[in-house]
Every structure is written in C-alpha cells, then in structure tokens.
Amino acid sequence: MLMAIGAIIAGLVLLVWSADKFVEGAAATAKHLGMPTLLIGMVIIGFGTSAPELAVSAMAASDGNPGLALGNGYGSNITNIALIVGLTAIIAPIAVHSQVIRKELPLLLVLTLIAGAQLLDGELSRIDGWVLLGVFAAVMGWSIYQGYQGKEDPQAGDTETEMIAHPMPLKSAIIWLVVGLVLLIVSSRILVWGAVTIAQSLGISDLIIGLTIVAIGTSLPELASALAAVKKNEHDLILGNILGSGIFNTLAVVGLAAAIEPLSVAPEVLYRDWTLMFGLTLALLVMGFGLTGWRKLVSRVDGALLLLVYVGYTGYLFSTMAAS
C-alpha cells in the first residue's frame, strides 16, 4: 500500500513536469519548423495541459481499467469547473468574454450531451470512441479555420510573447520533446499502477479513484494556468483553457480510451458523474449570462457555490468508498 501511495505521488509529480516539458519542446520544435503561432497556441499549448489526462486514460484503457480511464476524463472536467474555476473566482472574479458565452460554452454543452447519449446503453464501444475522435477533429479543424479567418485566439498572443521571451534552440527543443514524451508515458504507467493497486487493496472501484485522486492530479496544469492568468489579469485565458480542456477531455481523452479498448459504463456514471458534469457546464453559462442579462462575470459568490458543490461531490464519493 505504501509503495502504491508513493507511486501515485511520484507519478503525478513526474506526469505534470514531463507534460510541461513535452509541450515546451513541441511548441519550440513547431516554431522552428515554421508552424504559425496561432496553431501552436491553439493546438499545442491550448490543449497541452490535457496531456496528463490523455496519457493516463490511454494507459488505463490499454491495461483493462475502464473505470479509471472514464473517471479520469469526466472527473477532470468536474474538477476543472467546480474546483479550479471556483477557487479562481474566489481569488478574483472572472470576467467572461462574450465569445465564450456564445460559442465555447454552448459547444461544450452540446458535446457533453453527445457524450451522455453514448452512455445510455451502458458501454462506450470502439465505434463510440471513433465518433468522439472524429468530432474532435472537426472541432479542431473549425477552430483552426476560424483562426485563419482573422478571429485571433488570445492564446496565440500569449504564446508569441512567451516564445520571444524564452527562445529555445532546435536541438534542445527536440530533446525536451522526446524526453517529455517518454517520461509522460512512464509516469502515467506508474500512476495507473499505483491507483489500481490502491483501489484493489481497499476494495473500491477504480472509477472512484479516477474521479478523485487521479482527476485532481492530472488537472494540476489547468490550476497552474488559471492562477498564472489571474496574476496577469488575463481572464479570457482562464475560462478559455478550462473550456478547451473540457472539450479535449470529453472528446479526445474518452474517445481515445474507448478506441483502444471498449469501456463498460456503470449506471452511476450517467446519473451521478455525467449529470454533474453537464450541470456544472450549464451553471457556467447561467453565471456568465445572468438572470437579468449579459452579466459576463463569474463572481466570488459563484466561485464559492462551485467550490461547495465540489466539496459535497467529493465528500459523497469518499463516503461511498468508506461504505464499501
């Protein structure tokens, strides 16, 4: 048990660090190869914070642990909105850009409904996985097209500034790209082993472990990005990163896991976890829109409510662990 706990801690630390180095190396390599900053910001940096979720869920699915794979994907979405947005809004109210309310949030709601429809038969087949990956490719393609039409993503400007301030030689970029990728795979393997071992030792489902410990750990890059954006007063990036990660988790993370190995879905995933994930996304839309018009703000009160929901949900999950 102590070895498994140590594996989770070491795996999470190494996972977050290696994901950061992998993204840095990938972005710098892409820049040297002439990739536009817009695409680097949207594709590599924008979704790079979800690399830990992707690695862990893919590894869990290939090892035959569907609960861990699904719990990590959905649990990360719940953690991102309820914990990270909630905590960030308490520190400083988040101004919501109109584009977020009109495009990204409704898109995530629709994608969450599609994901929910796939859960109704109690499994995510390989076909379901490929459908999710196909939708993800379409969303990314549309986003890139919009970017080239001149609708600049705020991530691109931030990426440009960062690359100018911290240039990286091509040789170093390739080294960090390879090292980061290898360590990402190794750390996800260590983390999955530790999580499954603890779940089996305590007699609880790997779904619960995925929804709690693993989801919190793999969401650390999103938390770091949100806190950094608060410090810079860049509110667009806070919700932009969270929603981008939500789209990635819902489509790419769960889709890849199901494409690797069909996932059996317990009934509580639909009525408990998916319902909360959809409700939190809808709540963000209501908070931004407001009851009386375009408020465009996630206030400290909103943040406290989101955090309260997260604490209650996590407490309930741990109570089911104790009961079992």
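Scroll up to find the structure.
Everything numeric here is computed off the predicted structure, so don't read it as measured data.

### Let's talk about the packing of aromatic side chains
A complete count under the given rule lists three aromatic pairs for this structure. Ring plane angle 80 degrees and centroid distance 5.8 Å describe the contact between W17 and W176, whose orientation is recorded as edge-to-face. Residue W17 is found in helix α1 (residues 2–32), and its partner W176 is found in helix α8 (residues 170–202); the two are separated by 159 residues along the sequence. Of the residues examined, W176 reaches a relative accessible area of 29% and is grouped as partly exposed. Seen from their ring centres, W274 and F278 are 5.5 Å apart, and the 15 degrees between their planes marks the pair as stacked. Highlighted residues: W274 and F278, both in helix α12 (residues 267–289), separated by four residues, approximately one helical turn. Its relative accessible area of 13% is what places W274 among the buried residues. Here K21 stacks its cationic end above the ring of W176, 5.1 Å away from the centre of that ring.

### Looking at the pattern of salt bridges
Tallied over the full model, the rule gives three salt bridges. The closest approach of N and O atoms between D63 and R189, which form a salt bridge, is 2.6 Å. With D63 in the loop between α3 (51–62) and α4 (66–91) and R189 in helix α8, the pair connects residues that are 126 residues apart, well separated along the chain. Under the relative-accessibility criterion, D63 is labelled partly exposed at 33%. Since its relative accessible area comes to 41%, R189 is described here as partly exposed. With its nearest N and O atoms 2.7 Å apart, the salt bridge here joins D273 to R272. For the residue pair D273 and R272, the accessibility class agrees, reading buried in each case.

Rules used in this analysis
- Residues numbered from 1 in each chain as written.
- Predicted model: local features only at pLDDT ≥ 70, side-chain atom pairs only at ≥ 80, totals over all residues.
- Heavy atoms only, no water.
- Phe/Tyr/Trp six-rings, centres within 6.5 Å; stacked < 30°, edge-to-face > 60°.
- Helix = DSSP H or I, 4+ residues; strand = E, 2+ residues; numbered from the N terminus.
- Buried < 20%, exposed > 50% of the residue type's maximum accessible area, 1.4 Å probe, protein only.
- Lys NZ or Arg CZ within 6 Å of the ring centre and 35° of its normal.
- Salt bridge = Lys/Arg side-chain N within 4 Å of Asp/Glu carboxyl O.

Note that all results are geometric; they support no functional claim without further evidence.
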